[in-house]
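Summary of the model geometry
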Amino acid sequence: MPRAFTPKVVTGNALLEGDVIYFTDSDSWTRNLKDAEVITDEAVAQVRLLAAESQAAEVVGAYLADVKVTEDGPEPTHFREDFRRTGPSNYFHGKQAEA
Amino acid sequence: MYAYSEFDTDFIAERNRQFRAQVERRIDGSLTEDEFRPLRLMNGLYLQLHAYMLRVAIPYGSLDSAKMRQLAYIAQRWDKGYGHFTTRQNIQYNWPKLNDVPDILDALGEVGMHAIQTSGNTIRNVTADHFAGAAADEIADPRPVAELIRQWSTDHPEFQFMPRKFKIAITGSPNDRAVTAAHDIGIRIVEKDGEIGYQVIVGGGLGRTPMIGKVISDFVTEEDLLPYLEAIVSVWNVLGRRDNKYKARIKITVHEHGIDEIRRLVDARFAEVKPTFKGVDQQLLAEIRKHFHPPAFRNAPTDAFDQAYENDPVFRSWADTNLTEHKINGYAIAQISIKAHGETPGDASAEQMEVMADLAEKYGHDELRISHEQNVVLPHVHKSDLPALHAELKKVGLATANIGLISDIIACPGMDYCALATARSIPIAQEIAVRFDELKLEHEIGDIKIKISGCINACGHHHVGHIGILGLDRAGVENYQITLGGDHSENANLGDRTGPGFPAESVVDAIETIVRTYLAVRSSADETFLETYRRTGMEPFKAALYPPKEEAKADAA
């Protein structure tokens, strides 16, 4: 039996700054996971990924990342995505410093 | 210190001009990311978890104060005020913006540095003994040959699209501080009947499939060395597995074909290659040697050192751990630890880099080295200057007396920065250092090398750590495997796994258990951790780490 589709966001790195960005439902990019478009349908996911990848002047290496939907919006399910939306643990740099 | 010729300077300027245009074309949409990616990687620019990362080559880990100051300037001007020194004697900047990278490369070019071939399937930065030209046990300075290899391998037309990356290390001392046995090619300078030659080791490497290199030739003469290296790389370039990147490194080629067959093929290729060299490389080597004349060593009394050593316990502790015997009487090799307890191994702030540059100029004949153990070395300091040097290091938090001790940990950037990582390394290193500092056991434990990698690629050399730690992703949770008994030296050896891994919360406890077991079972205070492990084997450590279930339950109750 195929595995059930889990909610996803499209994410990648910004071309110029290199930092983590997320795709929104208005075809723009946000630096805040809370504002990302949460995709719950597999077919939609592929279409949205293609739409994101077509913005080659904005994003590098776009891919689908698992999230879980909470009251506060999408939250990462894997620690790697949690580090990506936060920043490194040894210095107060990256996203955590920009919030 | 090698100084760029007009040719070198022009070459770098031209490459930087090309890269600037490539960046512009990527930004204006004329180049796709698929087209641009190999171009940026050829210039050392990676895209990591949170940002771009620029890896700058420090050839054989050698710097002067001008280069170090420029590295500090770049950190300050275009990054977040620090740099990370790596196990391949390079420096990495973790936060450059794409638009700024051409300017950074130009700034590097001003001091004769670049980021070429710090990535991609090319011959990478040639590494060497960080005590080169200073060590008391040295047969010959490996740096002139390292520089010759650098020039030969840089932009070598035959070796730009190889099956995989290729790493060369060279040592001039029988005490192997350059980890030569874990490189694609390791070179050891040897002496036979009064003649200097080169023992060549091939097929070593860590990573997914760790292998200790095998001797392909016991003695290659100086004039044969470069054609011999070219023959090895050439044979592998044809045979290497381009179909499977996990089997592409030369260690697998040597393993699959056997060292005898590889030697036969290399000898045959050497016979073809050798006549094409015509001695130009030897003329070049003679020119290069002029750049590496020893500095004008002073002959002066060492009373200031003796007095400070006698009267200042803090200085004495630093001198005992951080100094190494120099080949010249009255001199010492001083290691500056950039592993203060709780700090990130290998990171130096721009201010610290500037101070180290100043101190090298003032007390160290203007020479600095980066060690593969992620520390900075002042290779030539007269003993009478050491108390003043130590006092100035203390002011900027660089006088940590822990070289070779348990807090002198190698750690790769791990999942705090690296896109390939499967777990974090840095916080584990920080916690171990702080734990043993609080326990005040560091000096009692003595010589021990802990090496941590955040994935199987083993940038943190965990396989050859006396204690190795490998961070993995086990079902979405960070998990750490431990190995014991690894050795990076001339007696190179891969560590043995203790058993199942430990979650992040208990890996530091596990390390403490291992160390306390060592303290309990060592035959005397003089028996090092590695010696104890070789004598007792895994058994006492395993018993302490994995107590039987019943006992564990009783303990918990």
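Residues numbered from 1 in each chain as written. Chains lettered and ligands numbered in written order. Predicted model: local features only at pLDDT ≥ 70, side-chain atom pairs only at ≥ 80, totals over all residues. Heavy atoms only, no water.

As a further point, take the overall build of chain A. The helix and strand inventory of chain A stands at three helices and five strands. Reading chain A from its N terminus to its C terminus gives the helix and strand order β-β-β-α-β-β-α-α. What you see for chain A is a C-alpha radius of gyration of 13 Å, in line with the 13 Å of a compact globule of 99 residues. A burial count over chain A gives 44% of its 99 residues as buried. Long-range pairs, those at least 24 residues apart, make up 53% of the contacts in chain A with a sequence separation of at least 6. (Helix = DSSP H or I, 4+ residues; strand = E, 2+ residues; numbered from the N terminus. Rg over C-alpha atoms; globule rule 2.2 N^0.38 Å. Buried < 20%, exposed > 50% of the residue type's maximum accessible area, 1.4 Å probe, protein only. Contact = heavy atoms within 4.5 Å.)

What follows covers unusual backbone geometry. Located in the positive-phi region is A:Asp27, a residue other than glycine, with phi close to 65°. For B:His365, which is not glycine, the phi torsion reads 50° and is therefore positive. When you line up the elements, B:His365 lands in the loop between helix H12 (350–363) and strand S14 (368–370).

This part covers the interface of chain A and chain B. Chain A puts 23 residues into the contact, and the matching count from chain B is 33 residues. For the pair chain A and chain B, the summed buried area comes to about 2,300 Å², and 60% of that belongs to carbon and sulfur atoms. In terms of surface lost to chain B, no three residues of chain A exceed A:Leu16, A:Phe79 and A:Phe83, which account for 25% of the buried area on that side. Joining chain A to chain B, the criterion identifies zero salt bridges. At the boundary of chain A and chain B, one finds 12 residue pairs in polar contact (both at pLDDT 80 or more). Elements with a contribution of two residues or more to the side of chain A that touches chain B: strand S1 (8–14), strand S4 (59–70) and helix H2 (79–86) of chain A. (Buried area = accessible area lost by both parts, 1.4 Å probe. Salt bridge = Lys/Arg side-chain N within 4 Å of Asp/Glu carboxyl O. Polar contact = N/O pair within 3.5 Å; in protein donor to acceptor, adjacent residues only side chain to side chain.)

Now for the environment of B:Met356. Residues and elements named next belong to chain B. Note that Met356 resides in helix H12. By relative accessible area, which is 0% here, Met356 ends up buried. Measuring from C-alpha to C-alpha, the distance between Met356 and Trp236 comes to 41 Å, with 120 residues separating the pair along the chain. Ignoring any residue separated from it by four or fewer positions in sequence, one finds Met356 in contact with Met68, Ile336, Ile338, Ala348, Leu368, Val376, Leu378 and Leu398.

Residues and elements named next belong to chain A. If you walk across this open sheet you meet the five strands as S3-S2-S1-S4-S5, and the pairing is antiparallel. Two strands close off the open sheet at either side, each with one partner strand: strand S3 (29–30) and strand S5 (73–76). Sheet topology note: the S1/S4 ladder contains six bridges and is antiparallel. Pairing of Val10 across the sheet is with Leu64, part of S4. Of the strands in this sheet, S1, strand S2 (20–23), S3 and S4 are in contact with helix H1 (residues 42–53), which crosses S4 at around 140°. (Pairing = 2+ DSSP bridges. Axes fitted to C-alpha atoms, helices over the stretch in contact; angles between N-to-C directions.)

All names here are of chain B. Each domain of chain B was delimited in the assignment, giving domain 1 (6–110), domain 2 (134–290), domain 3 (303–395) and domain 4 (413–556). The straight-line distance from the C-alpha centre of domain 1 to that of domain 3 is 29 Å. With 21 residues of domain 1 in contact, the opposing surface of domain 3 contributes 22 residues. The contact between domain 1 and domain 3 buries some 1,800 Å² in all, and 57% of this surface belongs to carbon and sulfur atoms. The largest share of the area that domain 1 buries against domain 3 comes from Met68, Arg69 and Phe85, three residues that together contribute 32% of it. Our enumeration of links across domain 1 and domain 3 arrives at two salt bridges. In this structure, Asp358 engages Arg69 in a salt bridge whose closest nitrogen and oxygen atoms are separated by 2.9 Å. If you tally residues by element for the side of domain 1 that touches domain 3, the top one is helix H3 (residues 65–78), at seven residues. (Domains from an automatic or database assignment.)

Residues and elements named next belong to chain B. The five strands are arranged S1-S2-S5-S4-S13 in an open sheet whose pairing can be described as antiparallel. Whereas interior strands pair on both sides, the edge strands pair on one side only; in this sheet they are strand S1 (45–47) and strand S13 (347–349). Across the sheet, the axes of successive neighbouring strands diverge by a mean angle of 30°, strand direction being ignored. Pairing of strand S4 (residues 82–85) with S13 involves three bridges; the strand directions are antiparallel. Looking across to S13, one finds that Gly83 is bridged to Ala348. Seen against the sheet, H3 touches S4 and strand S5 (91–93) and runs at an angle of roughly 15° to S5.

For a regular strand, side chains alternate in direction, first toward one face of the sheet and then toward the other. Residue and element names in this part refer to chain B. Across the eight residues that make up strand S9 (residues 195–202), a large majority, six, are buried. Note: strand S8 (residues 185–192) against S9, eight bridges, orientation antiparallel. For Arg188, the partnering residue across the bridge sits in S9 and is Gln199. Joining the antiparallel neighbours S8 and S9 is a turn of two residues, in which Asp193 adopts a positive phi near 50°. Where S9 lies against strand S10 (residues 214–220), four bridges are found, and the strand directions are antiparallel. Bridge pairing in S10 places Tyr198 opposite Val220.

This next bit is on H1(A). All names here are of chain A. When the terminal C-alpha atoms of H1 are compared, their 17 Å separation across 12 residues agrees well with the 16 Å that a helix rising 1.5 Å per residue should span. For H1, every residue scored as buried is listed here: Ala45, Arg48, Leu49 and Ala52. Along the axis of H1, the buried residues cluster in a sector spanning 105°; they form a single face. Seen from the buried face of H1, the exposed residues on the opposite side, beyond 90 degrees, are Ala43, Val47 and Leu50. For H1, the elements touching its buried residues are S1, S2, S3 and S4. A distance of 2.9 Å separates the backbone nitrogen of Ala43 from a side-chain oxygen at the start of H1, and that oxygen is part of Asp41. (Expected span 1.5 Å × (residues − 1). Arc of directions from axis to C-beta.)

Take the UniProt feature "domain: Nitrite/sulphite reductase 4Fe-4S" (unreviewed entry) in chain B next. Residue and element names in this part refer to chain B. UniProt tags residues 119–272 and 409–545 as "domain: Nitrite/sulphite reductase 4Fe-4S" (unreviewed entry). Overall, residues 119–272 shows 33% helix and 19% strand. The separation of its end C-alpha atoms is 30 Å. Strand forms 19% of residues 409–545 and helix 37%; the C-alpha atoms that close the span are 21 Å apart. (UniProt positions renumbered as here; feature names shortened; annotations may be inferred.)

A full pass over the atoms with the stated rule returns 45 salt bridges over all chains. A salt bridge links A:Glu81 to A:Arg84; the shortest N-O distance between them is 2.8 Å. With a gap of three residues between them, A:Glu81 and A:Arg84 both fall in helix H2, about one helical turn apart. Classification of A:Glu81 by relative accessible area gives buried; the value is 10%. Residue classification places A:Arg84 among the buried positions, given a relative accessible area of 2%. When the shortest N-O distance is used, the salt bridge between B:Arg435 and B:Asp509 registers 3.0 Å. Placement of B:Arg435 in helix H14 (residues 426–439) and of B:Asp509 in helix H16 (residues 504–521) is noted, with a sequence separation of 74 residues between them. Classification of B:Arg435 as partly exposed rests on a relative accessible area of 22%. Residues joined in a network through salt bridges with shared partners are A:Glu17, A:Asp19, A:Arg31 and A:Lys95.

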